[in-house]
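Results of the structural survey
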Amino acid sequence: MRTELFDFQLPEARIALTPVNPRDAARMLVVQPDAETCMFDHHVRDLPRFLNAGDVLVVNDTRVIRAELSGERSRDGSHALVSVTLHKRLDGCRWKAFARPAKRLQAGDRIRFGHGNSSCLTGALDATVEARDAGEVILAFDYTDVVLDEAIAAVGAMPLPPYIAGKRPPTPEDAERYQTVMAARDGAVAAPTAGLHMTHKLLAALQAQGIGIATVTLHVGAGTFLPMKADDTADHVMHAEWGEVSAATASQINAARACGGRIVAVGTTSLRLLESAASTDGRVHPFAGDTAIFITPGYRFRAVDLLLTNFHLPRSTLFMLVAAFSGLDTMHSAYAHAIANGYRFYSYGDASLLYPVDRTT
């Protein structure tokens with residue numbers, strides 16, 4: 001499909017630079033595709049009104065690491081300042097990262113991060129550039145495993161989305177607000193943003209109503225912020241991200257489905273992982289590994305019945321996903337409604353609860 005089909009005009013004023021407080025006070029546009037597309041304005045705290053006992057809410061428990069690193073490159077006696085955003089762990093000591101400016105780096109270069117930071121072991125975190133491909137590098141750090149994790153946490157910074165970081169400096173509040181209340185497993189370099197709306201109070205209210213809560217893990221990569229460069233969706237290559245669906249979660253989802261319950265994905269990350277773990281009959285299986293699933297209109301959903309998600313970028317893979325779920329025309333109408341009615345977009349923005357387009361035709 002032509003990428004231009006997923007374009008729309010978004011006023012800059014609609015981009016949220018700070019979150020609402022409390023989290024579940026964010027607005028929620030309920031979108032029910034039909035012949036006339038029904039849309040209803042609510043708030044995330046109203047979510048229990050739209051779910052039934054026996055449904056299962058699937059949340060992503062990934063935790064954002066301090067993946068923004070600034071350092072000094074050294075090569076043959078010359079030095080240059082560089083910054084990197086870690087986005088995918090390869091093994092105990094190696095990470096893929098986006099580098100700025102990448103042209104200052106080549107294989108064999110040494111980069112010294114965090115010198116002068118007394119909380120980081122010897123005050124430093126050093127790495128060797130193993131390879132560079134355009135703006136992406138592979139870094140081999142001198143530390144490994146838990147020691148490396150602690151060093152990154154000591155010298156790194158919270159990787160706010162570029163459209164926020166370019167407009168305002170990070171604040172101490174971002175370190176807490178850019179994590180979900182479910183965050184438990186370190187590894188993401190971007191938040192699963194629909195999950196930012198969840199609160200312990202809301203989750204407890206859902207459980208009291210007989211709605212199950214299941215967890216999956218998808219370590220969101222910085223590729224989620226990369227623009228779509230291809231003119232046709234067939235030419236786009238997704239960045240792979242690591243995810244896991246446990247046997248217990250798979251069993252809980254399958255049991256709910258067998259009893260008529262609906263599976264409600266909190267965020268496109270949860271949805272993409274469940275669809276990666278599902279077979280053609282809709283059963284979800286235990287899964288651990290990389291997924292690079294790219295969902296566009298025409299995709300037949302297997303595992304997810306409802307989707308809670310934020311409002312996404314024009315021409316983005318995530319807008320393509322929601323267009324596949326609820327229909328392209330429906331989502332253009334929904335986004336036009338959201339823009340006209342002051343909804344806030346992107347990571348710190350408002351949410352939409354999407355029902356699926358009729359898949360029987």
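Conventions used here
Residues numbered from 1 in each chain as written. Predicted model: local features only at pLDDT ≥ 70, side-chain atom pairs only at ≥ 80, totals over all residues. Heavy atoms only, no water. Salt bridge = Lys/Arg side-chain N within 4 Å of Asp/Glu carboxyl O. Helix = DSSP H or I, 4+ residues; strand = E, 2+ residues; numbered from the N terminus. Buried < 20%, exposed > 50% of the residue type's maximum accessible area, 1.4 Å probe, protein only. Pairing = 2+ DSSP bridges. Axes fitted to C-alpha atoms, helices over the stretch in contact; angles between N-to-C directions. Core = buried A, V, L, I, M, F, W, Y, C linked by side-chain atoms within 4.5 Å. Contact = heavy atoms within 4.5 Å. Polar contact = N/O pair within 3.5 Å; in protein donor to acceptor, adjacent residues only side chain to side chain.

Quick look at the pattern of salt bridges now. Tallying each qualifying case throughout the model produces 18 salt bridges. Taking the shortest distance from any N to any O, the salt bridge between D7 and R315 comes out at 3.8 Å. In this pair, D7 is assigned in the segment before β1 (27-32) and R315 in the loop between β16 (306-310) and α7 (317-326), connecting sequence segments 308 residues apart. In this structure, D142 engages R110 in a salt bridge whose closest nitrogen and oxygen atoms are separated by 2.8 Å. With D142 in the loop between β10 (136-141) and α1 (145-155) and R110 in strand β8 (residues 110-113), the pair connects residues that are 32 residues apart, well separated along the chain. Among the residues examined, R110 registers a relative accessible area of 28% and is labelled partly exposed. It is possible to trace a salt-bridge network through shared partners that takes in R110, R112, D126 and D142.

Here we take up the sheet that holds strand β3 (residues 56-60). Overall, mixed pairing links the nine strands, which are arranged β2-β1-β17-β16-β14-β3-β12-β13-β15 in an open sheet. Taken across any chain shown, the strands that pair with only one partner, and hence form the sheet edges, are β2 (38-43) and β15 (287-291). Neighbour to neighbour, the strand axes of the sheet diverge by 20° on average, direction disregarded.

Another point: the sheet that holds strand β9 (residues 125-133). Strand order in this closed barrel of six strands is β5-β6-β7-β10-β9-β8, and the pairing throughout is antiparallel. Averaged over neighbouring strand pairs, the angle between their axes works out to 45° when direction is ignored. In the sheet, strand β6 (residues 78-89) pairs with strand β7 (residues 94-100) via six bridges, with the strands oriented antiparallel. Looking at the pairing, L86 lines up with A97 of β7.

Let us now look at the nonpolar core. In this structure, Y178, L271, L274, V284, Y335 and F345 are the most contacted members of the largest nonpolar core, which totals 62 residues. The element that contributes the greatest number of residues to this core is α7, accounting for seven residues. Once residues within four sequence positions are removed from consideration, L271 is found in contact with A265, I295, F301, V304, L307, L321 and F325. Membership of the second largest hydrophobic core comes to 26 residues, among which are I65, V84, V129 and L148.

With that out of the way, let us pick up the side chain of K88. Structurally, the position occupied by K88 is in strand β6. A distance of 3.0 Å separates polar atoms of two side chains, one belonging to K88 and the other to D290. With residues up to four places along the chain from it excluded, the contact list for K88 reads W95, K96, A240, E241 and D290.

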